Amino acid sequence: MKIMVVGGGGREHAIIKKIKENKDVERIYALPGNGGIAADAECVDIGAKDIEAIVKFAVDNGIDYAVVAPDDPLVLGCVDALEAKGVACFGPRANAAIIEGSKVFSKNLMKKYGIPTAAYEVFDDMEAALAYLETAPIPTVIKADGLALGKGVIIAQTLDEAKAAVVSMMQDKQFGASGDHIVIEEFLTGPEVSVLAFTDGKVVKPMISSMDHKRAGDNDTGLNTGGMGTVAPNPYYTEDIAKQCTETIFKPTIDAMNAEGRTFKGCLYFGLMLTPNGPKVIEYNCRFGDPETQVVLPLLESDLLTVMMATTKGTLDATEVKFSDKHACCVIMASAGYPQSYEKGFEMTIPTDIAPDVYVAGAKISDGKLLTNGGRVLGVTSIDDTLEGAIKASYEKVEKIRFENAYFRHDIGQRALAANKE
Ligand code: AMP
Ligand code: GLY
């Protein structure tokens, strides 16, 4: 089989390494991939948002199955365009990807179908939003409607901060057209859990839970990033809570999407907060999380490609999705300065013995050398019988990887370890 994976980050590298375990796979193309992914797939210089070129490549090269991994092409209708040419795909069509593409859509969906989430109001008029804030409880959370690279969420600790956020989104267009509509919502508290789930639109099979570390600095300080590390499973996500989430959140979401005529197939990501009033949805993503994928997929014991194809064919119920009962930890190595400005182009050395555990996010090959080429550069994953063991092994590998300007958090997994001891 010829497989094509759209995207070019650490998540895509993890997907590609796992798909390669399937014996029927002859070739894997990554569009665009990156200098690190090039060790595991044939990288093709087509951007993940260039739908027309992606479809042409798939048709010209007789692709048997396409995996569309990032949010942008999914929301732009990449799956629809590929399917129209007869290419089978993993991922939701545009009418279902809207669950991530529009926060107004997802909040209204949850309200209509009674799925627990933070209370909220939607605004398309700045004056009305500012007037509402005068009476809103503080802290409050302000979200731009569309995709904003995970940065369109502002948690305002004071009324002035909240007003400034509204003005920057709606008047100064800090996030472009995403700020035409905003959501102002209740500030929730509690541990956060990421649950990725396979679904064929009929049944939902949750993967092992995980915990992201979104802030740039140790002890959850500094700016929000795409994610500086992950562990799986998430110790806060007990069997009881999992059962509750399946009944009150996962199944109702799949049913709600069907009722709306927007059947969701692929990987649905539930960003949950375990509040004192029960688990609530913070956000949906229409795709695998990054860097959640880098700890979840290494623990998957079933064949990934088989499970993916079952979501497309609607045969997920009869397909085993089994996870190891071990622990995984992924530490992200970034360029100093990320998520703001940073330098790139530094040579990297990844010792061959640890290369299988490295998921490259931002690198390019130049004159035969692997150079850093992004904010998040790579992730290093380890699996062990214990969380302590997985954390220790990942940090030992981090020490062996060298590049100038490297930055990483030192405390990935510590919160999970402390929770285990509670
Ligand atoms: P998001 O980009 O939607 O994942 O939001 C980024 C982060 O903001 C989340 O991971 C949460 O930590 C936080 N957040 C979002 N919504 C809320 C909320 N209603 N209450 C408290 N924290 C929130
Ligand atoms: N790690 C969070 C995300 O992929 O959105």
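Note that this is a predicted model, so its numbers are computed, not measured.

What counts and what doesn't
Residues numbered from 1 in each chain as written. Chains lettered and ligands numbered in written order. Predicted model: local features only at pLDDT ≥ 70, side-chain atom pairs only at ≥ 80, totals over all residues. Heavy atoms only, no water. Helix = DSSP H or I, 4+ residues; strand = E, 2+ residues; numbered from the N terminus. Contact = heavy atoms within 4.5 Å. Polar contact = N/O pair within 3.5 Å; in protein donor to acceptor, adjacent residues only side chain to side chain. Near = heavy atom within 4 Å. Areas by Shrake-Rupley, 256 points an atom, 1.4 Å probe, with all protein chains shown as cover. Nonpolar A, V, L, I, M, F, W, Y, C, P; charged D, E, K, R; others polar. Core = buried A, V, L, I, M, F, W, Y, C linked by side-chain atoms within 4.5 Å. Buried < 20%, exposed > 50% of the residue type's maximum accessible area, 1.4 Å probe, protein only.

**Student:** When you look at the environment of Glu260 in this model, what are you seeing that I'm missing?
**Tutor:** Within the element layout of this structure, Glu260 appears in the loop between α9 (239-259) and β16 (266-275). The spatial distance from the C-alpha of Glu260 to the C-alpha of Lys397 is 47 Å, given a sequence separation of 137 residues. Apart from the residues within four sequence positions on either side, Glu260 is in contact with Leu109, Lys112 and Tyr113. In this structure the side chain of Glu260 is engaged in a polar contact, spanning 2.4 Å, whose partner is the side chain of Tyr113.

**Student:** Hey, could you run me through the site of ligand 1 in this one?
**Tutor:** Within the structure, ligand 1 sits among 16 residues, and Glu185, Glu186, Leu188, Glu192 and Glu283 are positioned closest to it. For ligand 1, an oxygen atom lies 2.9 Å from a polar atom in the side chain of Glu283. A total of 470 Å² of accessible area belongs to ligand 1 in isolation, and the protein chains cover 92% of it. Going through the elements one at a time, β7 (140-144), β8 (153-156), β9 (182-186) and β17 (278-285) are the ones with two or more residues in the shell around ligand 1. Across the shell around ligand 1, the residue classes break down as eight nonpolar, one polar and seven charged.

**Student:** Help me out: how do you make sense of the nonpolar core in this one?
**Tutor:** The biggest cluster of nonpolar side chains holds 49 residues, and the ones touching the most others in it are Met4, Leu82, Ile99, Tyr237, Phe250 and Leu272. Among the elements that line this core, the one with the most residues is α9, at eight residues. Once residues lying within four places of it in the same chain are set aside, the contact partners of Ile99 are Phe105, Ser106, Leu109, Thr253, Met257, Phe264, Leu268, Tyr284 and Cys286. Counting residues in each nonpolar core, the second largest holds 38 residues, with Ala41, Val67, Phe90 and Ile332 among its members.

**Student:** What is the right way to read the site of ligand 2 from this model?
**Tutor:** If you check the shell around ligand 2, you find Asp212, Gly226, Tyr269, Asn285, Arg287, Gly289, Asp290, Pro291 and Glu292 and nothing else. Between ligand 2 and the protein, one listed contact pairs an oxygen atom with a side-chain N or O atom of Asn285 at 3.3 Å. Arg287 is positioned such that a nitrogen or oxygen atom in its side chain is 2.9 Å from an oxygen atom of ligand 2. In isolation ligand 2 has 200 Å² of accessible area, and contact with the protein removes 90% of it.

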